[in-house]
Amino acid sequence: MSTLAQSLSRGIGKVTESALAPYQSAVIRIGFSGTWLLFLLREFPHRQELYGPDAPWNWDLARQLTENNGAFTVLLWFRGRFWFEAVYVLALLASALLLLGWRTRTMSVLFMLGVLSLQNRSVFVGDGGDNVLHLMSVYLVFTRCGQVWSLDARRAARARALRARGQRLPDRAGPVLWSVLGLALAAVTAAGRLQGEWFVPALLWTVWLGQALWWAAGRRARWNQPRILFDVVGSVVHNGALLVIMAEACLIYATAGWYKIQGSRWQDGTAVYYPLHLDYFSPWPALGDLMSSSGTMVMLVTYGTVMAQVAFPFTLFNRRVKNVLLAVMMTEHAAIAVVLGLPFFSLAMITADAVFLPTPFLRRLGEGAARARARLRRHPESTALPEPRSAGDSEPARVGFPA
Amino acid sequence: MAALSLPYQVGAAAVLAVVAVVACVHLGMVFLHVAPSNTLTRQHGRAVDEWIYPEFEQNWKLFAPNPLQQNIAVQVRAEIRTSDGASRTTGWYDLSAEDGRAIDGNPLPSHTQQNELRRAFDFYGSSHDAAGRPMGLRGALAEQYLRRIVVLRLGRDHAAGPGDVLARVQVRSLITSVPPPRWSGEKVSDKPAYRQLPWWTVPAGKAAGGVR
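Residues numbered from 1 in each chain as written. Chains lettered and ligands numbered in written order. Predicted model: local features only at pLDDT ≥ 70, side-chain atom pairs only at ≥ 80, totals over all residues. Heavy atoms only, no water.

According to UniProt, the "domain: HTTM-like" (unreviewed entry) feature falls on residues 17–361 of chain A. Between the C-alpha atoms that bound residues 17–361 of chain A there is a distance of 24 Å. The span itself is 72% helix and 0% strand. (UniProt positions renumbered as here; feature names shortened; annotations may be inferred. Helix = DSSP H or I, 4+ residues; strand = E, 2+ residues; numbered from the N terminus.)

Written as structure tokens, this is what we have:
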């Protein structure tokens with residue numbers, strides 16, 4: 001009984017005192033925002049046909065559907081071409097800034113608005129990759145995904161160094177960004193343009209107010225207790241969201257795997273042959289023919305896919321098996337990107353996998369990237385990476401919840 | 001948390017409890033949403049849908065339970081009123097074959113090539129009953145959507161000459177089974193099956209198809 005109580009209190013201590021997995025949350029931030037950024041750039045020439053007011057799925061059709069299902073999209077606030085172009089460019093910009101980790105929390109909200117607005121505007125042009133990004137863009141808002149590998153982390157390190165010398169790092173961009181976005185949100189709310197269900201508008205207002213409280217608590221010495229409380233809340237919400245992101249990845253694999261088991265083609269070992277011969281998913285027909293030239297090969301890949309997908313959630317209980325399977329999944333998705341012509345879906349899935357990568361591996365990756373950058377710039381002193389605020393990240397990674 | 005005074009500790013504990021409950025309920029709802037129809041979803045399906053839709057909808061039956069084993073080609077022809085008042089019917093344009101050619105050798109296929117027409121036709125199929133009657137709002141929307149796509153594509157293929165007007169369009173699907181792998185010894189009919197939709201009138205002014 002007492003050991004149970006002890007481990008419970010240890011667990012509570014852990015999830016309240018720090019935002020866990022700083023490297024993993026940074027990797028998924030970079031991965032999802034990067035995927036969406038590349039997608040928006042790729043579709044830039046086709047943006048009118050996919051999401052524009054005169055697209056085949058035009059503004060009126062989209063409005064009729066969203067009035068019916070309550071999905072959120074800023075693209076239906078105004079009809080004009082200018083509004084559409086502005087939203088598309090802002091979505092691009094928000095993705096790029098989230099990737100860099102500039103004002104990470106605010107950018108994660110704008111990133112989510114971009115993803116939801118474009119996807120909900122034209123639901124019928126998306127695929128599985130869009131679906132992954134849609135969910136993850138919402139979950140990312142709740143995480144502290146800029147603790148490392150971000151401009152925010154660099155600025156925080158500079159602020160700490162200055163504070164040690166009794167100085168302050170002035171922050172002008174933050175309050176300006178907050179005021180402008182608050183005014184815009186208030187104007188849209190007052191004009192009654194906020195459409196869709198309550199969830200997204202409530203989230204926008206909550207984050208906006210939360211940022212004001214966080215800022216105020218950081219400035220007043222008397223507000224020490226509230227400041228610690230807000231920090232705890234931020235950590236708890238981050239850790240909860242990270243749990244949801246990990247469980248979501250498991251649900252994706254479990255659903256994909258368990259439904260396949262019921263299919264006759266996955267049972268008779270020919271399933272992988274068929275997508276390779278669908279006109280819409282065979283950009284390299286010769287490659288597909290080559291891969292399906294051996295029945296044994298197709299059977300092994302077919303069975304292997306089902307086994308890996310079904311097994312994945314359970315392998316999280318063993319660190320070594322998990323890492324092997326992670327490598328298998330990432331390789332398979334890289335192959336899918338090329339063979340089935342689904343690069344953005346694959347990139348989104350590889351990113352979702354990356355949340356399970358071990359911390360030592362990610363740190364080595366980060367150090368390697370920093371060294372490469374330093375070599376390029378010939379600034380050997382800048383190899384040191386900003387460290388996360390949280391203690392304990394030097395511990396060996398735990399299964400599923402690497403510290 | 002230890003650095004907090006008691007009232008703040010109580011507040012932190014409350015937040016922890018709320019977050020834990022919301023995360024667990026959310027995961028439970030997502031699980032029920034992706035699981036097959038079962039006892040719980042039959043009893044509480046409405047609550048699950050309330051939670052999931054619209055922003056957390058998801059479908060991970062990727063190539064499952066069985067991968068698609070047919071190539072579904074969407075084809076279209078048009079009735080064109082020429083400038084001298086005569087009317088002619090074009091041959092069939094295979095729009096899916098055009099998509100296929102755009103995807104061939106393309107490392108980054110666009111959603112316009114890979115998803116737009118394919119999913120619009122799926123949407124049309126799923127929002128119409130076996131007799132081809134539209135089911136509710138979605139049926140009506142799907143018909144307009146598909147019509148607008150084919151008009152756009154006919155415009156790009158210059159189906160109507162200068163001064164001509166697209167009066168009506170007709171869509172059909174050509175379904176061909178993927179031939180089974182040669183090692184399987186299975187036999188599948190290689191005869192294509194056609195499904196023809198009714199002629200649709202193109203509203204005046206919409207013949208250009210919007211986006212160019």
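Time to look at the pattern of salt bridges. Residue and element names in this part refer to chain A. Scanning the model with the defined rule gives 15 salt bridges over all chains in all. With a shortest N-O distance of 3.1 Å, arginine 81 and glutamate 85 are connected by a salt bridge. Of this pair, arginine 81 and glutamate 85 are both found in helix H5 (residues 81–100), 4 residues apart, which corresponds to roughly one turn of the helix. Exposure remark for arginine 81: the relative accessible area of 51% places this residue in the exposed category. Connected through shared salt-bridge partners, Arg47, Arg81 and Glu85 make up one network. (Salt bridge = Lys/Arg side-chain N within 4 Å of Asp/Glu carboxyl O. Buried < 20%, exposed > 50% of the residue type's maximum accessible area, 1.4 Å probe, protein only.)

Counting from both sides, the interface comprises 78 residues of chain B and, opposite them, 90 residues of chain A. Regarding the contact of chain B and chain A, the summed buried area is about 7400 Å², with carbon and sulfur atoms giving 65% of it. When the buried surface of chain B facing chain A is broken down by residue, B:Glu55, B:Trp60 and B:His111 rank first, second and third, together holding 11% of it. The interface formed by chain B and chain A contains 2 salt bridges. (Contact = heavy atoms within 4.5 Å. Buried area = accessible area lost by both parts, 1.4 Å probe.)

Looking now at a positive patch on the surface. Residues and elements named next belong to chain A. A grouping of Arg160, Arg163, Arg168, Arg219, Arg220, Arg222 and Arg227 is seen on the molecular surface, where their side chains present a positively charged patch. Tracing the sequence through the fold places arginine 220 in the loop between helix H10 (199–219) and helix H11 (224–261). A relative accessible area of 44% places arginine 220 in the partly exposed class. (Patch = residues over 30% accessible without salt bridge, like charges linked within 9 Å, V, L, I, M, F, W, Y side chains within 5 Å. Areas by Shrake-Rupley, 256 points an atom, 1.4 Å probe, with all protein chains shown as cover. Lys, Arg positive; Asp, Glu negative; His and termini not counted. Charge placed at Lys NZ, Arg CZ, Asp CG, Glu CD.)

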